[in-house]
Amino acid sequence: MMPSSLSSVDDEAIAFLQDLVRTPGLSGQEGAVADRVEAKMRQLPFDHVERDEWGNVIATRRGHAPGPHLLFDAHMDVVAPGDPSAWEGGDPYSGHLSGGRLWGRGATDTKGSLAAMVIGLGRLPTTAFRGTLTVVASVGEEALEGAALGQVCARLRPDRVIVGEPTDGRLGIGQKGRARLWFTTHGRPAHSSTPAEGVNAIYLATEVIQRIRALPLPAHPHLGQGVMEALDIHSEPYPSASTVPYACHIRYDRRLVLGETPESVLAAYRRAFAGRSDLTFGFETIHLNTYTGATLTAPDFHPAWLWDESTPWVQQALASLRAAGLRAETFIAPYCTNASTTAGEQGLPTLLYGPSSITLAHKVNEFIALEDFLAALRGYQALAQGLSAGPDRD
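Starting afresh in each chain, residues are numbered from 1 along the sequence in its written order. Selection of residues for local features in this predicted model requires a pLDDT of at least 70, selection of side-chain atom pairs for listing and counting requires 80 or more, and totals for whole chains, interfaces and linings are taken over all residues. Excluded from the side-chain calculation are hydrogens and water; included are all heavy atoms of the structure.

## Points about the pattern of salt bridges
Salt bridges are defined by distance alone: a side-chain nitrogen of Lys or Arg within 4 Å of a carboxyl oxygen of Asp or Glu. Evaluation of the coordinates by the stated rule reveals 21 salt bridges. The residue Glu-260 makes a salt bridge to Arg-254 at a minimum N-O spacing of 2.6 Å. Burial status follows relative accessibility: with a 1.4 Å probe on protein chains alone, a residue under 20% of its type maximum counts as buried, one over 50% as exposed, and anything between as partly exposed. A relative accessible area of 4% means that Arg-254 is categorised as buried. Residues Glu-263 and Arg-270 are paired through a salt bridge, measuring 2.8 Å at the closest nitrogen-oxygen approach.

Here it is as structure tokens:
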């Protein structure tokens, strides 16, 4: 339940979240959000605040004694709101308060996490933690998860990473991965009145689609079943003027389980389509132009990852939440996050934690319950205190 009277820190956090939600920031267009985040960080007792070349806003505090380096991240960008008239009041970025909720695009995904981190860790007394706390407001997660945060972590090499995502206040110890693949069939053009003179790439594509659907996918006892789902298809030339299509492109969304690598995924399709010279395939490469003018480029492959719940630092994190009177349960995310880079690629001990539910993300009339938001603020403080008391590294 919401407290009958809010503390000054609670009030500050709610006002800051309203400000963030009222500031649009699609991927590559987060500059105005970054301005507000940086201004707030500079009002708080962080020891150092900076922006890197990609536009991530980074703030650091040092504790009262030596200890590990904990990095907390939440992304600034949001997905497009769609038709504004579909939103209550006609404003996707209203940030209005009603019914114990704060409404607007990004309230759940993930400006709620970001505001709770910035205020909660910025207002945490120095005497309450050891080592170093870093808060990162990262760019571009909705377009290319992990690429921007990965640049920060490669430079700072933190000992632990907590990624803010809507986990319903549970501690995320793993997630499925994600990849985007393309398949192109190559036919031969001809006039559509004499199709036998050509090879129709659409018909070749239907064979490929059926073969892909018949292929078994790996499964994992904790992460579940892998997924391979067609997203879109188009032929060339398009539109066609009486020409047999000479190419057909299909894009797939592939949800990954533990242990899958780019090579292992491609190898399965090489075996399935061995000997076919009319088909090419691979992973999409994403080029994200950030608001600073810098470009992030990476294959659209983001591995799965998982920690054993019995791992000492995971148990330490759960104990910290429990001691603060908060939910102390683990969670495995079926969606993809920045942690695919920190945990899946860089091997950094990483956890997911944040307010609200993924079921509210990317929807019309997105909101966050203030009770959950303020509980997450206390949760980030508890994790900072508890995990900073542990060893610098495993």
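## A closer look at empty space enclosed by the protein
In this analysis a 1.4 Å probe is tested at points of a 1 Å grid over the protein atoms alone, and where it fits but cannot get out there is a cavity; an open set with protein on both sides within 12 Å along at least five of seven lines is a pocket; lining residues have an atom within 4 Å of a point. Grid points are joined across faces, edges and corners, and a volume is the space filled by probe spheres set on the points. Under the criterion given, the structure shown has one cavity of 30 Å³ or more. Size it by volume and the largest cavity reaches roughly 40 Å³. In this structure, the largest cavity is lined by Trp-87, Glu-88, Asp-91, Ser-94, His-96, Trp-103, Gly-104, Asn-365 and Glu-366. Grouping the amino acids of the lining of the largest cavity by side-chain chemistry returns two nonpolar, four polar and three charged. Here the term charged refers only to Asp, Glu, Lys and Arg, the term nonpolar to Ala, Val, Leu, Ile, Met, Phe, Trp, Tyr, Cys and Pro, and the term polar to all other amino acids, Gly among them.

## Examining the packing of helix α1 (residues 8-21) against helix α3 (residues 107-122)
One way to put it is that α1 packs onto α3 with a least axis distance of 9 Å and a crossing angle of 140 degrees. Relative to α3, the element α1 is oriented oblique. At the point where α1 passes α3, the crossing takes the right-handed sense. Where α1 abuts α3, its residues Val-9, Glu-12, Ala-13, Phe-16, Leu-17, Leu-20 and Val-21 lie against Ala-107, Lys-111, Gly-112, Leu-114, Ala-115, Val-118 and Ile-119. Across the contact of α1 with α3, the residue classes break down as 11 nonpolar, one polar and two charged. In this analysis, axes come from line fits to C-alpha atoms, helices being fitted only over the stretch in contact, and the angle between any two N-to-C directions falls in the range 0 to 180 degrees. Working definition: helices are DSSP H or I runs of at least four residues, strands are E runs of at least two. Numbering for both runs from the N terminus. Roughly parallel means an angle under 35 degrees; roughly antiparallel, over 145; roughly perpendicular, 65 to 115; everything else is oblique. Left-handed describes a crossing whose near helix is turned anticlockwise from the far helix by less than a right angle; the clockwise case is right-handed. Note on contacts: a residue pair qualifies if any of its non-hydrogen atoms lie within 4.5 Å across the two residues.

## Observations regarding the layout of surface pockets
Within this model, the largest pocket holds a volume of roughly 350 Å³. Lining the largest pocket are 16 residues, and of these Glu-141, Glu-142, Glu-145, Cys-336 and His-362 sit closest to its centre. Per-class residue counts for the lining of the largest pocket are five nonpolar, two polar and nine charged.

## Examining helix α2 (residues 31-43)
With 13 residues, α2 should cover 18 Å at 1.5 Å per step; its first-to-last C-alpha distance of 19 Å lies within 8% of that length. Those residues of α2 that sit buried are Gly-31, Val-33, Ala-34, Val-37, Glu-38, Lys-40 and Met-41. On the buried face of α2, the contacting elements are α1, β1 (48-51), β2 (57-62), α3 and β6 (132-138). Expected helix span is computed as 1.5 Å times (number of residues minus one).

All quantities given are derived from atomic positions and should not be read as evidence of function.
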